[in-house]
Amino acid sequence: MTYLPFAKSKDVRREAESEAPPPTRFSSVNFCIGMAYASAGGSRKILYRTESLYRMWIHPEAVVDAEGRRTTGESKGIGNGDRSGTKAAIGPIEFLDQGGSRMNVSCRAIGATLLAAAAVSLPFAPMAFADTTGWAPTATQALSLQNATDLGPLSPSAPLRITLGLRLQNQAALNTYIEAISTPGNPIYGQSLTPDTFTAVYGPTSDQVQAVTSYLASAGFNDIQVSPNHLVVSATGTAAQVERAFHTTLEQFQVAGQTVYYNTTGAYVPSSLSATVGAVLGLNNVVAVTFPLAKPSDGGASSSTGGSISLPNYPTSYNPQGFQTAYDVGKTATGQATSIAIFAEGDLTGVLQDLRTEEQANGLPQVPVTVVQTGIASTDTSGADEWDLDTQYSTGMAETVKRLYLYDATSLTDSDIALEFNRFVTDDVAKAGSASFGEDETFAYLDGSMLVDDEVFAEAAAQGQTVFASSGDTGGFSSVILPTNGVPAGVPDVEYPAASPYVVAVGGTTLLTNSDGSYNEELAWLAGGGGPSYWETSPYWQSAVVPEGTVGRALPDISMDADPNSGANVYVNGSVMVVGGTSLASPLALGVWARLESAHGNHLGFASPLLYAQYGSAGFHDIVLGDNGPYPATPGWDFATGLGTFDVSQMNAVIGK
């Protein structure tokens, strides 16, 4: 079961715009994030700080009554057409006022689909009864699932494995270093750090790590383990020990027939550790991750721009050689000199068997495979078709690779995913990897995993590694809303980890080819994810490319085929299944990058700045047709397809120059 977030929290990472808002607009309504895009004209509203709260500046024409309902002002959609303008009540959302008292506020949001059965609301101020003297807050905030039945406190004796994310040192210097090694012409362009050097210069110090481990030991935790880069410290304890050590409260709930636990108050650490501990993961077992994977029946290739489109040759699906031809690999080297990684979970035995079946069926060489267990081995096979797609079409697009590493997590909770991302960078054996999964970015922000993973991805960039991630399959809208591939609707938002500045977000297209299989054109796939991030800042390489006035990280960076009607022939349990989604686009991009790295002696490094440097070049197909709901594909960079899709031969000729 997937549980998804809705409301936003305090401590936004980027500064809000400085215009002075009219405080009288709010009365007793402190915050209504559901109206972020629902004001007159559809323009994006501004979050600003008032005392300890972030509030939404409601458009002057959009007056709300005491219950948070709009009384005047027209709600319009953001995109072309009026499809996204339909309003739907989303029901009461639980908030706290400035004194910590609970409020029930009704909001309205864009979209014709109601919120999923479990959404997350959160308090916007510290709980009134919580005495935090001597404690410092972390990035891990309180969770509150809507429609959840409280089953009472989690058993004090329940065993928990928690993961502390420690803070980087010299963050500004690290960002400067990454820019320098990613800029052709810079004296240190093309260099990279080893994990040991990274830890010595940018990781927490040995004294800081010792202070954390000593505190955990004094609090009764055991099996304390420190990652080689000092960014992650894991330990085992009981629920009672966790509550005492992090000044938090753990409760059990039943949601849609599932029993879960999560922290109903934020996580704190002693003030002496405030400069060291950034987040505390493992305080919930909520799985917010979804797979952006689609079947042909899930969505069509049509564009909402209207009119008819002549399809010169529209195959049902492609094999690896079909994608190689369509994206013009030409004489570009295979990925034989480059090792890549897939981030996966569960029992991968069948996935490896399917990979060998696919290789034999398509006349491809068998790639060497190493499975890296990043936690307790799991027997789960529910994601097998996802990992089948990832393995077969990353290596298939590359034609072959030096080695395929499968980082295998125990579960798809944020805490377990953080461990496999961190293992990828501390091993530093794969030049690039693909995460074909994601969650609404707000969940990662709330539970602190965004802070932890962003640090890990920054290390990857400094080491010359690249992570590709699917941008999602609910168009320019949040996966909080019940997803319908091809008909996205709801609150605009983006997916994580794709939203991380140090990740390449891969959106989706519909691929059209000529009778000989060569490239004809592409359209933005209607369900491909994209849009501006609420929580992540825009990286320097986007500043001259994204639309003027964009606030926050803009997604996607690039795109590849994702429409299930122009999807991939994937072997699942020994039989062929046609699959699409941005779960296809991300491994395709990984396969292309493996070829480019091999062609350039594995010296390209972190991909994003190099790709943005080729904006407008022949290395990209600029997608100008279609849309993903609110955002149309336009000449140049856009929120539907980013920079565009690869012409591999052309990109190979210009990348890094």
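What you see is a predicted model; the values in this text were computed from it and never measured. (Residues numbered from 1 in each chain as written. Predicted model: local features only at pLDDT ≥ 70, side-chain atom pairs only at ≥ 80, totals over all residues. Heavy atoms only, no water.)

S.K.: Quick rundown of the packing of helix H8 (residues 414–427) against helix H10 (residues 449–462)? Include the residues and the values.
M.R.: Relative placement of two packed helices is described by the angle separating their axes and the distance separating the axes. In contact at an axis separation of 9 Å, H8 and H10 are set at 10° when each is read in the N-to-C sense. With respect to H10, the element H8 is oriented roughly parallel. As for the relative orientation of H8 and H10, their crossing is left-handed in sense. Together, Asp414, Ala418, Phe421, Asn422, Phe424 and Val425 of H8 and Ser449, Val452, Asp453, Val456, Phe457, Glu459 and Ala460 of H10 make up the contact between the two elements. Its residues assigned to classes, the contact of H8 with H10 comprises eight nonpolar, two polar and three charged. (Axes fitted to C-alpha atoms, helices over the stretch in contact; angles between N-to-C directions. Helix = DSSP H or I, 4+ residues; strand = E, 2+ residues; numbered from the N terminus. Parallel < 35°, antiparallel > 145°, perpendicular 65-115°, else oblique. Left-handed = near helix turned anticlockwise from the far one by under 90°. Contact = heavy atoms within 4.5 Å. Nonpolar A, V, L, I, M, F, W, Y, C, P; charged D, E, K, R; others polar.)

S.K.: An account of the side chain of Ser617 is requested, with residue identities and associated values reported.
M.R.: Residue placement: Ser617 occurs in the loop between helix H12 (607–613) and strand S29 (620–621). Looking at Ser617, its side chain comes within polar contact range of the main-chain oxygen of Gln614, at 2.9 Å. (Polar contact = N/O pair within 3.5 Å; in protein donor to acceptor, adjacent residues only side chain to side chain.)

S.K.: Any chance you could break down unusual backbone geometry for me, citing the residues and the numbers?
M.R.: Following Tyr496, the chain continues to Pro497 via a peptide bond in cis, the omega torsion being 20°. Assignment of secondary structure puts Pro497 in the loop between strand S21 (495–496) and strand S22 (504–513). You will see that Asp223, though not glycine, has its phi angle at about 50°, which is positive. Of note, Asp223 is situated in strand S8 (residues 222–226). A positive phi angle, near 65°, is found at His230, a position not held by glycine.

S.K.: An account of the sheet that holds strand S28 (residues 575–579) is requested, with residue identities and associated values reported.
M.R.: Taken together, three strands build an open sheet; the order of strands is S14-S27-S28 and the sheet is mixed. Edge strands, defined here as strands with exactly one partner in the open sheet, are strand S14 (317–318) and S28. Two elements, S14 and strand S27 (residues 567–572), share two bridges in a ladder whose sense is parallel. Looking at S27, one finds that Ser317 is bridged to Gly567. (Pairing = 2+ DSSP bridges.)

S.K.: Break down the environment of Leu143 for me, with residues and values.
M.R.: Its place among the elements puts Leu143 in the loop between strand S5 (135–137) and strand S6 (149–153). Sequence-wise, Leu143 and Leu283 are 140 residues apart; in three dimensions their C-alpha atoms are separated by 9.8 Å.

S.K.: So what's going on with the sheet that holds strand S10 (residues 250–255)? Residues and values would help.
M.R.: Strand pairing in a sheet takes place through backbone hydrogen bonds and is either antiparallel or parallel in direction. In spatial order, the strands read S6-S10-S11; together these three strands make up an open sheet with antiparallel pairing. Whereas interior strands pair on both sides, the edge strands pair on one side only; in this sheet they are S6 and strand S11 (258–263). Averaged over all neighbouring strand pairs, the angle between strand axes comes to 30°, with direction disregarded. Of the pairings in the sheet, the one linking S10 to S11 comprises six bridges and is antiparallel in character. Each bridged residue has a counterpart across the sheet, and for Val255 the counterpart in S11 is Gln258.

S.K.: Describe in detail the side chain of Thr374, supporting the description with residues and values.
M.R.: Note on placement: Thr374 falls in the loop between strand S16 (369–373) and helix H7 (384–398). Thr374 gets classed as buried once you look at its relative accessible area, which sits at 14%. (Buried < 20%, exposed > 50% of the residue type's maximum accessible area, 1.4 Å probe, protein only.)

S.K.: Give a description of the nonpolar core that names residues and reports values.
M.R.: Grouped together as the largest cluster of nonpolar side chains are 121 residues, with contacts concentrated most on Phe323, Phe468, Ile558, Trp593, Leu611 and Phe646. Looking at this core, the element that brings in the most residues is helix H11 (residues 582–599), giving nine residues. The next biggest cluster of nonpolar side chains, apart from the first, holds 25 residues, and it includes Leu164, Val209, Tyr215 and Ala245. (Core = buried A, V, L, I, M, F, W, Y, C linked by side-chain atoms within 4.5 Å.)

S.K.: Describe in detail helix H1 (residues 171–181), supporting the description with residues and values.
M.R.: Within H1, the full set of buried residues consists of Leu174, Tyr177, Ile178, Ala180 and Ile181. The arc that holds the buried residues of H1, viewed along the axis, is 160°, so those residues lie on one side. Opposite the packed face of H1, turned more than 90 degrees from it, sit the exposed residues Ala172 and Thr176. Turning to H1, the residues buried within the fold contact helix H2 (195–202) and H10. (Arc of directions from axis to C-beta.)

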